[in-house]
Amino acid sequence: MSESIIKLENIVKKFYIGKQNELEILHGISLKVSKGEFISIVGPSGSGKSTLMNMIGILDRPTSGSYILDGIDVSSAKDKELSNIRNKKIGFVFQTYNLISRTTALKNIELPMLYAGVSKNEREKRARELLKLVEMEDREKHFPEELSGGQKQRVAIARAMANNPAIILADEPTGALDSKTGRLVMDLFHKLNKEQGITVVLITHSKELASETDRIISIKDGNIISEEYGGGTIVK
Amino acid sequence: MIWENIVLAFTSLKANKMRALLTMLGIIIGIAAVITIMTVGDSLLLYVENEMTSLGANNIMISLQERTDDANKFSAVMNSMMSTEIPGEKDLISIEMIKNLYNKYKDEIRAITVYDIMGSGQVTQGREYANVSIAGVSAGYFASEDHDMIGGNIFSVRDLEEGRNVAIVSSIVTDNLFNGDVEKAIGSNIEVSIGDKYYTYTIVGVYDYVVQSMQAIMTSSYDITTEMFIPYKTSVKQTHNNSGVTNFYIVAKAGVDSDLLANKIENFFDGYYRNNNDYQVVAFNMQAMVSMVSSMISTITIAISVIAGIALIVGGIGVMNIMLVSITERTREIGTRKALGATNSSIRIQFIVEAIIICLIGGAIGIIFGIIGGRIAAGILGYTTSPSISSMVISLLFSMATGVFFGYYPANKAAKMNPIDALRYE
């Protein structure tokens, strides 16, 4: 195994609803993901997998525990640094695509590069390359509403790739798609993983999709209950 | 980055054109009102200055007034104009006093003009008529006043000395009575009714009366009352008022400080009126009066502009309101942007720029409407002025400031959104 790109250690997340009600969602999760790995996190709703995804995507801070992403200790970083790390290290793909509706496909892909301070010419050049990568080069001037679900998701994946992130974090990326277009999107992840060596973390509730990945992490009630490598299952 | 934000602001405004326009409306109305009022103020200023300097900027007006404690000469004049009190014969400025004054300050006085209003009347000839106010004037009146003669002559020395029944009328009178034939009017006799008395005068001169555009819109030439001049002695004869006048003018010689002369004149008359408990004589030069009126108009203009500026605050609140709505609507977008690496400050800047753009466009449209409104209003006054560049720049800066001020709170709210909550927002 090569070096770990994600290293979660004993992550605990508590929510406070009112003063008295303390709710612990994650009970000390430890997880390592290697560079170039394609893993999936599965679990029923309410299992804490979304919270775990927020932790991995540093959209939220853990209550305790440490998180090292691509060699950077993010558990102690400030808000502004977190924005920067999200921008450079993580590519998000959402179930609902979350494209900016008033701007074209090309501009959507340029967005992370805009926040990274890439020049206009370079942004456009890179965005076109990415559109080509997801086979959407003829749609650069289209607005999100003019695209089908599968096309939108491909644009979203291209956007996630914009700053050459260390990982792609995909939250139910096929959840809103029919099985055929869902298949195309999954194929795209496999392609990016194999050809570009991108680390992919897929959050899903579908065992079927999960089974395509190198490793399946199952979560239940805020704990990792099993890790499954290709064939064998290691039950914790 | 700023440029991208500007482009972004425009795209989001384009997405909601109607809403953007309605939001801008408050700003548009505020700025347009301020610009219009300032233009009208400028125009009014020009109007007053022109009117008053046409009376001769270097002239000194000496007038009889009720005694007052008011230190401000101008308001004292205003008060005495409003007053219905009629000075008795013993109070009037006598011709004797004026002669003495002239003898004392001969070296500084170029001309003395007596201007005695005899009354209002109607000039008739056949069925045609024109309204006039009749004033008896002395020699020198036409030297100090700005009247453009288009036919005939001003009064001759003999006209004035002998108190002949001659008159100088306005072009309105010749338009109405002689179909505008000035040549025919000269030498013609006209009958004038003042109250229940009739007088006959021979026209010796015609001056051009420029109809102001406001008058042209609102009235016909039959409704306009113009001045008709007769020699002072004639008016004294006809009114049998031999005792004096309420006001007269002095034209100072070139190089004489008219302010100083006005003070000397006041002191001179103080000798006569020291023991008069009801009346006093004041003298001031036109220039001083012009600057007094000007500063008064400026103050009023600024005051009204400030009131109009309140519309801007209301407009700004409208902008804030719509920004808050827009941020709620775009919660997911904000969450997405944050996930993609937008920092709090870049989100804040995005929305502040949007608010500024709304206000700037509103301000620019407001300026255009203000210019149009100001032109129309100033056109009616007859003195067209354009708003100054500085007032436009200030308006734009002010609308920009409105954008920053009222955009900051919503933008900050957006910036502080928690990315997870924002992403989850339905």
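Quick notes on the rules
Residues numbered from 1 in each chain as written. Chains lettered and ligands numbered in written order. Predicted model: local features only at pLDDT ≥ 70, side-chain atom pairs only at ≥ 80, totals over all residues. Heavy atoms only, no water. Contact = heavy atoms within 4.5 Å. Buried area = accessible area lost by both parts, 1.4 Å probe. Salt bridge = Lys/Arg side-chain N within 4 Å of Asp/Glu carboxyl O. Polar contact = N/O pair within 3.5 Å; in protein donor to acceptor, adjacent residues only side chain to side chain. Helix = DSSP H or I, 4+ residues; strand = E, 2+ residues; numbered from the N terminus. Pairing = 2+ DSSP bridges. Axes fitted to C-alpha atoms, helices over the stretch in contact; angles between N-to-C directions. Phe/Tyr/Trp six-rings, centres within 6.5 Å; stacked < 30°, edge-to-face > 60°. Buried < 20%, exposed > 50% of the residue type's maximum accessible area, 1.4 Å probe, protein only. Domains from an automatic or database assignment. Core = buried A, V, L, I, M, F, W, Y, C linked by side-chain atoms within 4.5 Å. Parallel < 35°, antiparallel > 145°, perpendicular 65-115°, else oblique. Left-handed = near helix turned anticlockwise from the far one by under 90°. Nonpolar A, V, L, I, M, F, W, Y, C, P; charged D, E, K, R; others polar.

(A) The arrangement of the interface of chain A and chain B in detail. Taken residue by residue, the interface counts 21 residues in chain A and 25 residues in chain B. On the chain A side of the contact with chain B, Leu59, Arg102 and Tyr115 of chain A bury the most area, a combined 36% of that side's loss. Here chain A is connected to chain B by two salt bridges. Residues Glu333 of chain B and Arg102 of chain A are paired through a salt bridge, measuring 3.1 Å at the closest nitrogen-oxygen approach. There are nine residue pairs in polar contact (both at pLDDT 80 or more) connecting chain A and chain B. For the side of chain A that touches chain B, the element with the most residues is helix H2 (residues 79-89) of chain A, which contributes five residues.

(B) Geometry of the sheet that holds strand E1 (residues 4-17) of chain A. Residues and elements named next belong to chain A. Spatially, four strands are ordered E2-E1-E4-E5 in an open sheet, and the strand pairing comes out antiparallel. The strands lining the two open edges of the sheet, one partner per strand, are strand E2 (21-34) and strand E5 (72-73). For strand E4 (residues 64-69) and E5, the ladder comprises two bridges, and the chain directions are antiparallel. Paired with Ile68 across the bridge in E5 is Asp73. With respect to the sheet, helix H1 (residues 49-56) is in contact with E1, E2 and E4, its orientation differing from that of E1 by roughly 125°.

(C) Spotlight on the packing of aromatic side chains. In this structure the tally under the stated criterion is eight aromatic pairs over all chains. Residues Phe92 of chain A and Phe94 of chain A carry aromatic rings whose centres are separated by 5.7 Å and whose planes lie at 0° to one another, so their mutual orientation is stacked. Judged by relative accessible area, which is 5%, Phe94 of chain A ranks as buried. For the pair Phe269 of chain B and Tyr272 of chain B, a centre-to-centre distance of 6.2 Å together with 45° between the ring planes defines the contact as tilted. Of the two residues, Phe269 of chain B and Tyr272 of chain B both sit in helix H11 (residues 258-273), three residues apart, roughly one turn of that helix. Look at Tyr272 of chain B and you get partly exposed, because its relative accessible area is 38%.

(D) How the structure looks around unusual backbone geometry. Residues and elements named next belong to chain A. A positive phi angle, near 50°, is found at Asp70, a position not held by glycine. Along the chain, the position of Asp70 falls in the loop between E4 and E5. A relative accessible area of 26% means that Asp70 is categorised as partly exposed. Of note in this structure, Glu172 is not a glycine but carries a positive phi near 45°. In this structure Glu172 comes out as buried when scored by relative accessible area, which is 10%.

(E) The arrangement of the domain arrangement of chain B in detail. Annotation of chain B at the domain level lists domain 1 (2-49 + 297-423) and domain 2 (110-245). Using only C-alpha atoms to locate each centre, domain 1 of chain B and domain 2 of chain B end up separated by 55 Å.

(F) Just the nonpolar core, in detail. Judged by nonpolar contacts, the single largest core of 36 residues is most densely connected at Ile6, Ile41, Ile56 and Tyr67 of chain A. Not counting chain neighbours up to four residues away, the residues in contact with Ile6 of chain A comprise Leu31, Lys32, Val33, Ile56, Tyr67, Ile68, Leu69, Ile167 and Val201 of chain A. One finds Ile100 and Leu114 of chain A together with Ile327 and Ile334 of chain B within the second-largest nonpolar core, a separate group that totals 35 residues.

(G) The pattern of salt bridges, seen in detail. A complete count under the given rule lists 24 salt bridges over all chains for this structure. A salt bridge links Glu22 of chain A to Lys14 of chain A, with the nearest nitrogen and oxygen atoms 3.6 Å apart. The partly exposed category is assigned to Lys14 of chain A, whose relative accessible area is 23%. Taken together, the shared-partner salt bridges in this structure form one network comprising Arg102 of chain A together with Arg330, Glu333, Arg337 and Glu354 of chain B.

(H) Structural view of the packing of helix H3 (residues 105-115) of chain A against helix H4 (residues 120-133) of chain A. All names here are of chain A. Across the interface, H3 lies against H4 with an axial gap of 9 Å and an inter-helix angle of 125°. Considering the angle they form, H3 stands oblique to H4. Seen from above, H3 lies across H4 with right-handed handedness. From H3, Leu106, Lys107, Ile109, Glu110, Met113 and Leu114 reach across to H4, where they touch Lys120, Arg123, Glu124, Arg126, Ala127, Arg128, Leu130 and Leu131. By residue class, the composition of the contact of H3 with H4 is seven nonpolar, no polar and seven charged.

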